[in-house]
Amino acid sequence: METPLAFPALHASHAGIWMGSNRGQVQTIGKGEAAGRAAETPMIMLNAPLVAQRLGYADLSGLDLLELYAFVYPARFAVPTPKGLAKALDLTAPTTDQDVPQFLILAARKLLSVLVDPSWAEREGAWDSAQALMRLRWPWANLVLAQLKKPERPERWLFSRLPEWEEAPPRTPPRVVTLQAEAVQQRLAALVGGSAETRQGQRDFAQAAANIFAPRTRKGEPHMLLAEAGTGIGKTLGYLAPASLWATAADGTVWISTFTKALQRQLVREAKRIYPDHETFKSKVVVRKGRENYLCLLNLEDALQGGFAGRAAILAHLVARWAAYSHDGDMVGGDLPGWLPTLFRRNGSTALTDRRGECIYAGCPHYKKCFIERAARSSVQAEIVIANHALMMVNAARGRDEQNRPSRIIFDEGHHLFDAADSMFAAALTGQETIELRRWVIGPEGKARGRRRGLSARLADVASYDEEGGLAIEMARLAAEALPAEGWLARLSEGTPSGPVERLLAAIRNMVFARDETNATEGGYGLETELADPDAAVVDAAADAAIALEALARPLTVLGQRLEAMVADPPDWLDGSARARVEGAMASLSWRIDTVRSWISMLARAVGPVDPEFVDWLAIDRFEGREMDIGMHRRWLDPMKPVAEIVLKPSHGVLATSATLRSGGDWKNAEARTGAVHLDRPATHFSAISPFDYTAQAEVLIVTDIKKGDPAALAGAYASLISASGGGVLGLFTAIRRLRSTYARIADRLARDGLPLYAQHVDPIDTGTLVDIFRDDPHASLLGTDALRDGVDVPGHSLRLVIMEQIPWPRPDILHRARRLKNGGIDFDDRIIRAKMAQAFGRLIRSAGDKGHFVLLSPAVPSRLLSAFPPGTPIRRVTLEEAVNSVKTGLPPVTEFRQETDDRLEESNPI
């Protein structure tokens with residue numbers, strides 16, 4: 001059935017702006033006219049925030065096709081471009097920008113026609129959802145309801161659709177199993193497949209990895225293997241072979257931890273080789289992430305019942321549509337389209353997850369259907385749990401379930417372990433951290449909206465039953481009033497702090513401004529100074545703040561003790577549901593008590609002796625010149641010490657692996673960065689070089705005639721290289737300011753040549769979606785910062801050239817200076833730089849058929865840093881003109897033998 005559409009369509013790119021009518025007419029218009037017409041008449045468009053940015057008209061709104069797609073096909077993937085949408089809808093993609101408006105109208109008709117298709121799989125709940133969206137004045141609502149028929153009987157809504165998880169008995173400890181070499185190789189061969197030749201490097205890696213599953217000989221001394229496996233070895237299947245074999249034979253669980261979402265997704269794909277049956281796979285393989293990644297059903301219910309208003313309320317209903325069809329409720333990197341929250345300027349999406357640790361566990365009416373609880377329980381019975389480094393650290397530090405803590409762990413992307421631990425075991429006594437604690441204790445104040453509840457509301461039944469516990473709750477509430485409240489930043493800038501902690505923050509602010517010597521104007525960095533010889537104002541304020549925090553820590557500790565006593569000797573009313581809620585409150589309370597105690601310890605440092613294990617400093621965090629947070633910071637000088645104690649030593653076997661595990665250094669460096677140096681039993685080592693022919697497949701060009709600090713020359717170099725390559729360029733920057741300047745100078749002219757350019761920190765699109773767009777279009781190029789340097793897997797036809805705008809020198813902050821002093825001075829810097837360069841180079845050659853150039857726009861690259869690149873890689877110092885000619889000419893074709901090898905690599909395990 002042809003769906004009538006009376007609305008025009010609008011498309012804007014850096015090459016121009018086009019408007020099309022439903023009668024087939026297309027015209028080119030200017031920004032002012034486009035903004036004016038869009039304000040008068042609703043227009044069909046694709047990604048309204050991006051169009052708004054191209055027009056310079058922030059208030060643009062209309063009929064966004066991506067919102068309609070999210071309604072019609074929740075939990076289905078589509079690249080948010082005309083080409084990507086055409087592929088998702090099985091339509092012919094437009095070939096020019098001028099063709100896009102008519103394509104948008106055609107795509108809208110196609111999506112609306114799906115609503116009357118009897119085979120539409122996502123029909124259930126659509127009519128009720130559309131009715132609610134109409135009341136919220138969703139632009140598509142009337143068109144959608146015109147196509148939908150009212151169901152003959154009431155439909156199951158989200159909270160009745162979701163299945164309930166079931167409690168399972170505790171899992172017995174794994175059996176003692178010794179893996180035989182022949183069995184490991186047979187499992188590997190089965191996973192690789194009969195049509196692919198197993199490489200010797202992969203066979204050796206699998207055998208080495210099997211050793212971590214040997215029975216432990218002494219408590220606290222795990223079998224630990226450090227393995228550096230070059231790109232193309234096939235390390236994923238290399239460790240999955242012995243891991244799956246042991247898990248089945250021992251009836252145990254292997255945890256595989258990654259740093260990036262891309263590798264998590266790859267692991268899921270590879271694990272399906274082990275368990276090809278879908279139902280078996282669901283029971284044997286579980287993906288685990290932190291609580292803040294999952295949709296909180298209670299938060300969603302609050303949003304749907306009026307907790308959200310305006311555009312945020314529309315987002316909540318589209319998320320509800322997704323949740324009814326989602327595989328696991330993962331809002332960050334799961335099957336929720338990454339572009340959906342950005343359509344709403346991220347308005348409300350973070351409030352739909354549990355980012356504040358406010359879960360009430362069994363007290364929640366949706367507890368039995370909770371995505372988080374289902375994942376946690378499934379992981380206990382699973383054979384393979386795919387997690388991330390951050391979750392591993394959180395579970396180790398705050399784990400609620402000691403009995404089911406991981407005992408066999410594989411850390412892939414192991415070169416990131418140090419950074420993950422550094423973040424997890426950091427402490428920060430800042431305005432933002434303290435105000436969050438105040439909200440957690442006191443609850444909503446003033447006109448605050450939402451379902452946030454204070455301690456007294458969460459534990460009202462405890463207070464009514466236990467007089468001492470009730471008094472502790474009230475004392476904690478009174479003590480929390482000494483913490484910063486709303487508007488604290490404004491009061492500090494006005495010189496009118498309120499309360500002891502705000503006075504401390506004001507004193508810190510004054511001291512930082514007086515002593516800062518970083519001159520940190522570039523990149524939006526904040527200001528900082530050492531916590532050394534503090535002035536009198538900071539010392540006095542620290543003493544008062546410590547007294548205030550002690551007054552808070554005491555009742556929280558008493559409350560924790562009362563809750564423990566209640567669980568040990570439960571009253572009659574403490575049934576299973578209430579018990580689970582109290583135990584959840586105990587875990588959350590323990591976390592807060594630890595936080596407050598760490599703050600008190602930091603304040604003692606302000607007036608006491610230096611602790612050599614830690615680095616302490618004061619800082620003002622800023623973004624684009626605006627102050628965002630102020631406070632005191634503490635980091636472990638070596639954060640792998642606590643990791644060794646609470647993660648490594650309790651384990652039986654640990655593998656840390658990466659293509660750049662040694663980070664440009666030796667095994668001593670790898671042992672330090674993974675925590676192996678702190679174990680009594682020495683770790684074993686394994687290395688396998690990449691099978692790729694870097695001599696023929698890649699070339700490093702160091703451009704010597706780009707003057708540092710010349711933004712026009714930098715932008716010109718990027719434009720020339722992107723044009724020479726015909727797109728397919730990943731540009732990596734060390735400063736956001738230079739990235740934005742370059743993008744602004746070259747995006748329009750490249751677009752006019754049919755070479756679209758996208759950029760982090762510029763385009764209103766999340767990073768994952770930017771990579772999806774880049775991967776999908778061989779002519780597109782992408783500019784970004786650190787997040788794109790590692791963990792981005794783009795095939796060779798879409799990524800042919802990597803450009804680094806300068807050497808990624810470490811930021812010379814106080815923390816880096818302390819670690820540099822302890823770890824070898826300039827050699828420490830060089831290891832960091834080589835690791836970053838190696839990771840960036842690793843984006844270029846991902847399979848044996850890939851080839852391309854790596855360009856450094858830095859005239860003075862020390863030769864000692866060039867060992868970052870694989871042995872045999874050609875390296876030349878050239879002018880920009882020579883570099884452009886080399887890129888334009890390209891490298892010789894990969895040999896036929898190499899192409900055949902590429903097919904085997906892709907089939908067995910693209911790293």
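The structure displayed is predicted, hence computed values, not measured ones. (Residues numbered from 1 in each chain as written. Predicted model: local features only at pLDDT ≥ 70, side-chain atom pairs only at ≥ 80, totals over all residues. Heavy atoms only, no water.)

Asks: I'd love a proper account of the overall build of the protein, names of residues and values included.
Replies: A tally of helices and strands in the protein yields 37 helices and 23 strands. For the protein, the C-alpha radius of gyration of 29 Å lies close to 29 Å, the compact-globule estimate for 911 residues. Dimensions along the principal axes, computed over C-alpha positions, put the protein at roughly 75 × 65 × 65 Å. Here the protein holds 911 residues, and 56% of them are scored as buried. Partitioning the intrachain contacts of the protein with sequence separation of at least 6 by distance along the chain shows that 76% fall at a separation of at least 24. Only carbon and sulfur atoms are counted for the fraction: they give 51% of the accessible area of the protein, which is about 37900 Å². Each charge class in the protein was averaged separately, 108 positive and 111 negative side chains, and the resulting centres sit 1 Å apart. (Helix = DSSP H or I, 4+ residues; strand = E, 2+ residues; numbered from the N terminus. Rg over C-alpha atoms; globule rule 2.2 N^0.38 Å. Buried < 20%, exposed > 50% of the residue type's maximum accessible area, 1.4 Å probe, protein only. Contact = heavy atoms within 4.5 Å. Areas by Shrake-Rupley, 256 points an atom, 1.4 Å probe, with all protein chains shown as cover. Lys, Arg positive; Asp, Glu negative; His and termini not counted. Charge placed at Lys NZ, Arg CZ, Asp CG, Glu CD.)

Asks: An account of helix H34 (residues 814-822) is needed here, citing residue identities and associated values.
Replies: What H34 keeps buried is the set Ile-814, Leu-815, His-816 and Arg-819. The inward-facing, buried residues of H34 abut helix H19 (417-424), strand E12 (527-530), strand E13 (614-623), strand E14 (626-636) and helix H35 (826-841). Looking one or two residues beyond H34, the residue adopting positive phi is Gly-824, at roughly 105°.

Asks: So, the pattern of salt bridges: which residues are in play, and what are the values?
Replies: Overall, the coordinates contain 41 salt bridges when judged by the stated rule. In this structure, the salt-bridge partner of Glu-122 is Arg-76, at a minimum N-O distance of 2.9 Å. Linking Glu-122 in the loop between helix H5 (100-114) and helix H6 (126-135) with Arg-76 in the loop between helix H3 (65-72) and helix H4 (82-89), this pair joins segments that are 46 residues apart in sequence. Using a relative accessible area of 6% as the deciding quantity, one classes Glu-122 as buried. Taking the relative accessible area as the measure of exposure, Arg-76 reaches 35% and is therefore partly exposed. Note that Arg-477 is salt-bridged to Glu-474, the shortest N-O span being 2.8 Å. Of the two residues, Arg-477 and Glu-474 both sit in helix H23 (residues 467-480), three residues apart, roughly one turn of that helix. The exposure class assigned to Arg-477 is partly exposed, which follows from its relative accessible area of 26%. Connected via shared salt-bridge partners are Glu-124, Arg-156 and Arg-161. (Salt bridge = Lys/Arg side-chain N within 4 Å of Asp/Glu carboxyl O.)

Asks: Residue-level account of the pairing of strand E10 (residues 408-411), with values.
Replies: Of the two faces of E10, the one lined by Arg-408 and Ile-410 and the one lined by Ile-409 and Phe-411 are each fully buried. Strand direction decides the pairing type here: E10 and strand E15 (residues 653-658), joined by four bridges, are parallel. Within the sheet, the bridge partner assigned to Ile-409 lies in E15 and is Val-654. (Pairing = 2+ DSSP bridges.)

Asks: Residue-level account of the confidence of the model for the protein, with values.
Replies: As a note on interpretation, predicted positions should not be read in detail where pLDDT is low. Residues of the protein with pLDDT of at least 70 account for 94%, and the chain-wide mean is 88. Ranking the elements of the protein by mean pLDDT puts helix H37 (residues 896-908) last with 31 and H3 first with 97. Within the model, the stretch residues 895-911 combines pLDDT values under 50 with 44 contacts to residues more than four positions away or in other chains. (pLDDT = per-residue confidence, 0-100.)

Asks: Give a detailed account of the packing of H6 against helix H15 (residues 311-323), specifying residues and quantitative values.
Replies: Running from N to C, H6 and H15 cross one another at 175°; their axes reach a closest spacing of 10 Å. With respect to H15, the element H6 is oriented roughly antiparallel. Residues Ala-126, Ser-129, Ala-132 and Leu-133 of H6 form the contact with H15, whose participating residues are Ile-314, His-317, Leu-318 and Arg-321. (Axes fitted to C-alpha atoms, helices over the stretch in contact; angles between N-to-C directions. Parallel < 35°, antiparallel > 145°, perpendicular 65-115°, else oblique.)

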